[in-house]
Amino acid sequence: MVHPLRGQTAVVGVGLTKFGDLPGKTHLELLAEASYAALDDAGLKLTDVDGLFVSSMGRVFHPLQVAEYLGVKPSAIDGTNVGGSAFVNAIQHAAMALHNGVCNVALIAYGSTSRSDRKSGTPRVGGNPNAGVMYQSEYKPMLPVGSYALVANRYMHEYGMTRDQLSSVAVTFRKWAQLNPRAEMRGPLTIEDVSRARMICDPFTLYDCCLVSDAGAALVMTRADRARSLKQKPVYMLGIGSGTSHDQIAQLADFTVTACAMSGPRAFGMAGLKPKDVDVIEVYDAFSINPILFLEDLGFVKKGEGGAFFTEGHAAPGGKLPVNTNGGGMSCVHPGMYGMFVSIEAVEQLRGNTGARQVEGAEVALANGNGGLLSNQSTAIFGTAATLGAEARTTKRASAKKVVKKAAKKAAKKAPKKAVKKAAKKSAKKAAKKVAKKVAKKAPKKAVKKAVKKTAKKAKRR
Amino acid sequence: MAETGTTFAADGAEKQFRDGLNRGEFNIQQCASCKKHVFYPRTLCTNCGSPKLVWKRAAGTGTVYSTSTERYKPEAGGDKNIAVVQLDEGPRMLTRITDIAPADVKIGMRVTAHIGEADGIKLIYFRKA
Ligand SMILES: [Zn+2]
């Protein structure tokens, strides 16, 4: 059954401010500038906005402040803060509100003066978000970097990932940044540069950590029917999943598995897609270990092989699975909470607007936001018009079916058990059942049943 | 409406734990229903939801699950260890391993607990067993 939210809403506008040092602006001014740009992009006006989805690191009444500042009187308002992933998580809330008619034009927006505040020593409103967390903050750990470092060390211990493999993450994103004129860091960067840089918190050096920027970003969503009458080619929300595993880092059950293992299947389940259907990925790279864990937990790479995946260049320009095509939080921009930017780059890729860094023929994009200390993962899957409806992704699906059919034929001819297993592995649950049925006619029943059961189990686990 | 009645003691788990620490005890909760240990102190078992959490003295022994060195300049106090220890009862906790150079703390190292103090608050630290 198709999920009721699949393809029912769309991103119709995206807006970005300048990135970097913007000492003459407040966070609300940056948020307003980006909102204006996103609405202009969509061909909508601020007066059309009746849904407001914002989040601030420390400002308790932030949604009220933004509504007042913009002069918006929203019928749906939300300020859920699950960390930097809040803006991907907000897509779930916005989609539900839009689909159910609680609002008609949803604005998701963010502005931050993180870099200028750090330079001028302006204390963060609301203080440190990790303060007052009993059994963690009393030890005064170096946060957030320390928690990610503990995770990285455990991962390296269990899977033997090397320091240089970790460095290839930052190097990969720098290569993408070099293709993005908006990216803040575009100079050359080598594995040695990263591995030998000043140590911050073992194993992380300076280049394993994201940037601190001033920036604003905004995204506008409507229901799909309205989206088709607006200025831009709509980018449809096919699937959204949220996963929460813990707050303080010591409570993460397994340091090598993130909540992407929950958010991913939820998003893919809603979208009715599999990792192999995704053409381009944008993930929140607060620290270099993140993309490795996320790609594994979302089902793109086998557990323990994430480091090698980056080292071998698969995520880099020209690779088989482009990751963080804007340069990411490590080389493009990172204003305290980066969640907005994964979605915006995903949308730009599906519009085909990204110039030198464009992934040719991208139809499905995945955006993953990370929040807190790896605490919340929010995964959004976007698609072009070609991914909607019954004819969705006919080409790829057809070819997958063909492979299955071929395998089934072979299986029927030769050793049924082995081939069925192979075919089942390659295909989705449904397709496998079909194949098994066909083969069952010719092959011993018991063996087929066994193969089907195994496939079903695998599908469930995914 | 269901009332909490006598299910919960007058003092919450947090105060009971801190009172114990101030007496020099490292106590841990065990669920009477599912037998799992719980740390940090809770009101309800995080495994099964039961309110029947019973205090017992922690063994005070464990294994380093992960470790890192926070790099600080000498004038800021120098490098510091930060670690997550898996208690022999099962739960994990954030802590610092003391009386050892930060770089010498290794994953898998056996450690024992001791009670220290920071800013007037009693805290549990570990040292190499
Ligand atoms: Zn229990």
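## Let's talk about helix H3 (residues 86-99) of chain A
Residue and element names in this part refer to chain A.
- Spanning 14 residues, H3 covers 20 Å between terminal C-alpha atoms, matching the ideal 20 Å at 1.5 Å per step.
- Counting buried residues along H3, 10 of its 14 residues qualify, which places the element largely inside the surrounding structure.
- Of all the positions in H3, only Ala-86, Phe-87, Val-88, Asn-89, Ala-90, Ile-91, Ala-94, Ala-95, Ala-97 and Leu-98 are classed as buried.
- Just downstream of H3 lies Gly-101, where phi reads positive at about 75 degrees.

## Side note on the pattern of salt bridges
- For the coordinates displayed, the defined rule picks out 24 salt bridges over all chains.
- For the salt bridge of Glu345(A) with Arg357(A), the shortest nitrogen-to-oxygen distance reads 2.8 Å. Here the residue Glu345(A) occupies a position in helix H13 (residues 339-351), and Arg357(A) occupies one in the loop between H13 and strand E10 (364-371), the gap between them amounting to 12 residues. As far as the burial class goes, Glu345(A) and Arg357(A) line up, both buried.
- Here Arg96(B) ties to Glu70(B) by a salt bridge, and the two come within 3.2 Å at their closest N and O atoms.

## Concerning the coordination of the zinc ion
All names here are of chain B.
- For the zinc ion, the full set of protein donor atoms is Cys-31 (SG), Cys-34 (SG), Cys-45 (SG) and Cys-48 (SG), at a range of 2.3 to 2.4 Å.
- Between the donor residues of the zinc ion, the gaps in sequence give the motif C-x2-C-x10-C-x2-C. With Cys-31 in strand E1 (residues 27-31) and Cys-48 in the loop between strand E2 (37-38) and strand E3 (53-57), the pair connects residues that are 17 residues apart, well separated along the chain.
- Its relative accessible area of 1% is what places Cys-31 among the buried residues.

## With respect to the packing of helix H6 (residues 163-177) of chain A against helix H10 (residues 289-297) of chain A
Residues and elements named next belong to chain A.
- Two numbers describe how H6 lies on H10: the axes approach to 8 Å, and their chain directions differ by 95 degrees. Judged by the inter-axis angle, H6 sits roughly perpendicular to H10. Residue-level inspection shows Leu-166, Val-169 and Phe-173 of H6 in contact with H10, the latter providing Ile-289, Pro-291 and Ile-292.
- Looking at the contact of H6 with H10 residue by residue, the classes come out as 6 nonpolar, no polar and no charged.

## Topic: the packing of aromatic side chains
- By the definition in use, this model includes 18 aromatic pairs over all chains.
- Ring geometry for Phe255(A) and Tyr65(B): centres 4.8 Å apart, planes at 80 degrees, overall edge-to-face. One end of the pair, Phe255(A), is in the loop between strand E8 (235-244) and helix H9 (260-271); the other, Tyr65(B), is in strand E4 (residues 61-70), on a second chain.
- Looking at Phe255(A), the relative accessible area reads 1%, which means it is buried.
- Geometrically, the ring pair formed by Phe26(B) and Phe39(B) is edge-to-face, given 6.0 Å between the ring centres and 75 degrees between the ring planes.

Cut-offs and rules
- Residues numbered from 1 in each chain as written.
- Chains lettered and ligands numbered in written order.
- Predicted model: local features only at pLDDT ≥ 70, side-chain atom pairs only at ≥ 80, totals over all residues.
- Heavy atoms only, no water.
- Helix = DSSP H or I, 4+ residues; strand = E, 2+ residues; numbered from the N terminus.
- Expected span 1.5 Å × (residues − 1).
- Buried < 20%, exposed > 50% of the residue type's maximum accessible area, 1.4 Å probe, protein only.
- Salt bridge = Lys/Arg side-chain N within 4 Å of Asp/Glu carboxyl O.
- Donors = N, O, S within 2.8 Å, 3.2 Å for Na, K, Ca; no water.
- Axes fitted to C-alpha atoms, helices over the stretch in contact; angles between N-to-C directions.
- Parallel < 35°, antiparallel > 145°, perpendicular 65-115°, else oblique.
- Contact = heavy atoms within 4.5 Å.
- Nonpolar A, V, L, I, M, F, W, Y, C, P; charged D, E, K, R; others polar.
- Phe/Tyr/Trp six-rings, centres within 6.5 Å; stacked < 30°, edge-to-face > 60°.

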